[in-house]
Amino acid sequence: MRISVQAVYDELNAMAQWAYPNRIFKAAHWVGNSPYNNLHMVELTSFGCGPDAFILDEVRAILSRYGKNLTVLKIDDVNNIGSLRLRVRSLVESVNATPRNPEIPKSRDLENKAPFTTKPFEHSDRDRVILTPYFAEGYNEFLPTIFALAGYRIESLPMATQADAEEGLHVANNDICYPATIVVGAIMRALKSGKYDLSKTAVAITQTGGQCRASNYYALIKNALVAAGMSQVPVIAVAIGPSLQNSQPGFEINWLHLIRPTLEALYFADALAKLYYPAAPRERIPGVARKLYDHYLNAAQPLLAKRDYRAIRQLMRDAAGAFTDITDTTKQVPVVGVVGEIYVKYNTFSNHGVVRWLMEHGVEVVPPAITGFFSTSIPNAFINREQHICKDGLSPWQAKLVNRLLLHYAHVYDRLCGDYPFYRPFTDIMDIWHKSRRVINSAADFGEGWFLPGEICDLADHGIHKVVSLQPFGCIANHIISKGIERRYKDLYPHLSLLFLDFDAGTSDANITNRLHFLLQ
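Note that this is a predicted model, so its numbers are computed, not measured.

## Remarks on the overall build of the protein chain
In terms of regular secondary structure, the protein chain is built from 21 helices and 10 strands. The globule rule puts the C-alpha radius of gyration for 521 residues at 24 Å, and the 25 Å found for the protein chain is close to it. With respect to the three principal axes, the spread of C-alpha positions in the protein chain is 85 × 55 × 45 Å. For the protein chain, the residues scored as buried account for 53% of the 521 residues in total. Carbon and sulfur atoms form 54% of the exposed surface of the protein chain, whose accessible area is close to 23,800 Å². Across the protein chain, 53 positive and 51 negative side-chain charges occur, with their mean positions spaced 3 Å apart.

Here is the structure:
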């Protein structure tokens, strides 16, 4: 029985972007389409493997549409294989109890099955309220304003809670990373709350195309909606450029039209953070720094809605002066850099309030600017060609032009905030890339890739010798590029103190705070 690749893709919610998962999807499709009931599928997975975790739900969904179950055997270094044998024996007994080779009835044809995906976002859906998960404090607040300029009603969900994480554990398999659990759980709880009319609501999630990234959250959300009987809710993949599973005819954005407001918002948010974090442990009156931060964050929204960029920049200059007035410039405080997986690093709930804890204990926190993460495609344009990885994406000359534009915005906001005595200027992404090459090959582009090592080197070069790396538990890609090459960091920076913290739904707050106390000693 031959199965066409396109037939497999037509029944996928996941992105068909890697050879290994594609083979698994094709095998599941082949088993499901077999004319015999006694053909089943057993999948061997590596315990804690990110790609394996993301495809399990998709493979299980494919088989369930054909009335079959998936048997999963997780392999690790445990010598006791009794549990594996038990599962295989159960499968064999089940198969033996099934009549041999009965033909599958025609009712299993695809057109007679329940929906396996959500409805597309059509032109008639443009008036729907589009829900987005909470990503990062100080940045999510700009999303409704930016997308309103494109004609869409975006509602950013509030910061996640433990109830959202528990919901995520119910609606997605428990092997996926902690950020995915939180995001899927928060969306499903919101849609189940009764607050939203499902016929007038959609969901949006970023789709980056990277491995173990938001590109996979898209499929997880779709599968969870279908399983909950909410297939009438479209899921929009917010991405620049098309993908195999991103056919949303009603969601069209002129990204050129949004470049200016998006860059102003990102650099304003980054610069405001560069004022707030040094001021918080040095403020003369407790709580004033946070009040100033909230004030200027809220004041920027109506100015951005009117595209009044001159006023936004004047607001930034005023903020620098206000933070200078509340700061005790003579106070010496410890400084700790924060790096890691982007969601865990910037999302207060997912990192159990690590950044707030440090600030409450009189520490100046230095999180790298979020604009750096979104600029990594610039060095990748050179890396992909130098190492013969691919020719897609930006060409080197285009990357140079984009970097010149970003450096312009960085220099503008550096000048606006330059009078604040503890302000740390933006770093050129090309410099971060070159620094990362001291510790890792630039072809490493899984998880945070070369960017995280580059951040650590940049912090150390600026005299910050205590760094916390935050990542989801079981995130193999980030474990390799952070704790996996710790010795190399120490060889280059002997005085560097690194603390690696992993997070999942069962992480102990006491364990985290104890380890932070040791770091500060």
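## Comments concerning the sheet that holds strand 7 (residues 335-340)
Ordered by their spatial adjacency, four strands build an open sheet running 8-7-9-10, and the pairing between neighbours is parallel. This sheet does not close on itself; its edge strands, each paired only once, are strand 8 (364-366) and strand 10 (497-503). Ignoring which end each strand starts from, the neighbouring axes of this sheet average 25° apart.

## Details of the nonpolar core
Core analysis: the largest hydrophobic core is formed by 144 residues, its most contacted members being Met 316, Phe 323 and Tyr 413. Top element by residues in this core is helix 9 (residues 255-279). It accounts for 12 residues. Dropping the residues within four chain positions of it, Phe 323 is found in contact with Leu 272, Leu 275, Tyr 276, Ala 279, Ala 289, Leu 292, Tyr 293 and Tyr 420.

## What to know about the packing of helix 11 (residues 309-326) against helix 16 (residues 396-417)
Taken N-terminus to C-terminus, the directions of helix 11 and helix 16 make an angle of 40°; their axes are 8 Å apart at the nearest point. Looking at the two axes, helix 11 sits oblique to helix 16. Listed contacts from helix 16 to Ile 312, Arg 313, Met 316, Arg 317 and Ala 320 of helix 11 are Tyr 409, Val 412, Tyr 413, Leu 416 and Cys 417. A per-class count over the contact of helix 11 with helix 16 returns eight nonpolar, no polar and two charged.

## Section: the confidence of the model for the protein chain
Here the protein chain shows a mean pLDDT of 87. Residues at 70 or above account for 90%. Here residues 104-112 scores under 50 on pLDDT; set against residues more than four positions off or in separate chains, the count is 11 contacts.

## Quick word on helix 15 (residues 377-386)
Among the 10 residues that make up helix 15, seven are buried, leaving the element largely enclosed by the rest of the structure. Tucked into the core, helix 15 has its buried residues touching helix 16 and helix 17 (429-436). Just beyond helix 15, the residue with positive phi is His 388, at close to 55°.

## Quick notes on the side chain of Asp 458
With respect to the helices, strands and loops of the structure, Asp 458 is situated in helix 18 (residues 451-461). One polar contact links Asp 458 to Thr 427, side chain to side chain, over a distance of 3.3 Å. There is a polar contact of 2.7 Å between the side chain of Asp 458 and the side chain of Lys 435. If we ignore the near neighbours within four places in the chain, the residues touching Asp 458 are Thr 427 and Lys 435.

## Some remarks on the sheet that holds strand 3 (residues 129-132)
Read across the sheet, four strands follow the order 4-3-5-6 without closing on themselves; strand pairing throughout is parallel. The open sheet has two edge strands with one neighbour each: strand 4 (153-156) and strand 6 (235-238). Strand-to-strand twist of the sheet, defined as the mean angle between neighbouring strand axes without regard to direction, takes the value 35°. In this structure, strand 3 lies alongside strand 4, joined through four bridges in parallel fashion. If you follow Ile 130 over to strand 4, its bridge partner there is Ile 154.

Each value, and the rule that gives it
Residues numbered from 1 in each chain as written. Predicted model: local features only at pLDDT ≥ 70, side-chain atom pairs only at ≥ 80, totals over all residues. Heavy atoms only, no water. Helix = DSSP H or I, 4+ residues; strand = E, 2+ residues; numbered from the N terminus. Rg over C-alpha atoms; globule rule 2.2 N^0.38 Å. Buried < 20%, exposed > 50% of the residue type's maximum accessible area, 1.4 Å probe, protein only. Areas by Shrake-Rupley, 256 points an atom, 1.4 Å probe, with all protein chains shown as cover. Lys, Arg positive; Asp, Glu negative; His and termini not counted. Charge placed at Lys NZ, Arg CZ, Asp CG, Glu CD. Pairing = 2+ DSSP bridges. Axes fitted to C-alpha atoms, helices over the stretch in contact; angles between N-to-C directions. Core = buried A, V, L, I, M, F, W, Y, C linked by side-chain atoms within 4.5 Å. Contact = heavy atoms within 4.5 Å. Parallel < 35°, antiparallel > 145°, perpendicular 65-115°, else oblique. Nonpolar A, V, L, I, M, F, W, Y, C, P; charged D, E, K, R; others polar. pLDDT = per-residue confidence, 0-100. Polar contact = N/O pair within 3.5 Å; in protein donor to acceptor, adjacent residues only side chain to side chain.

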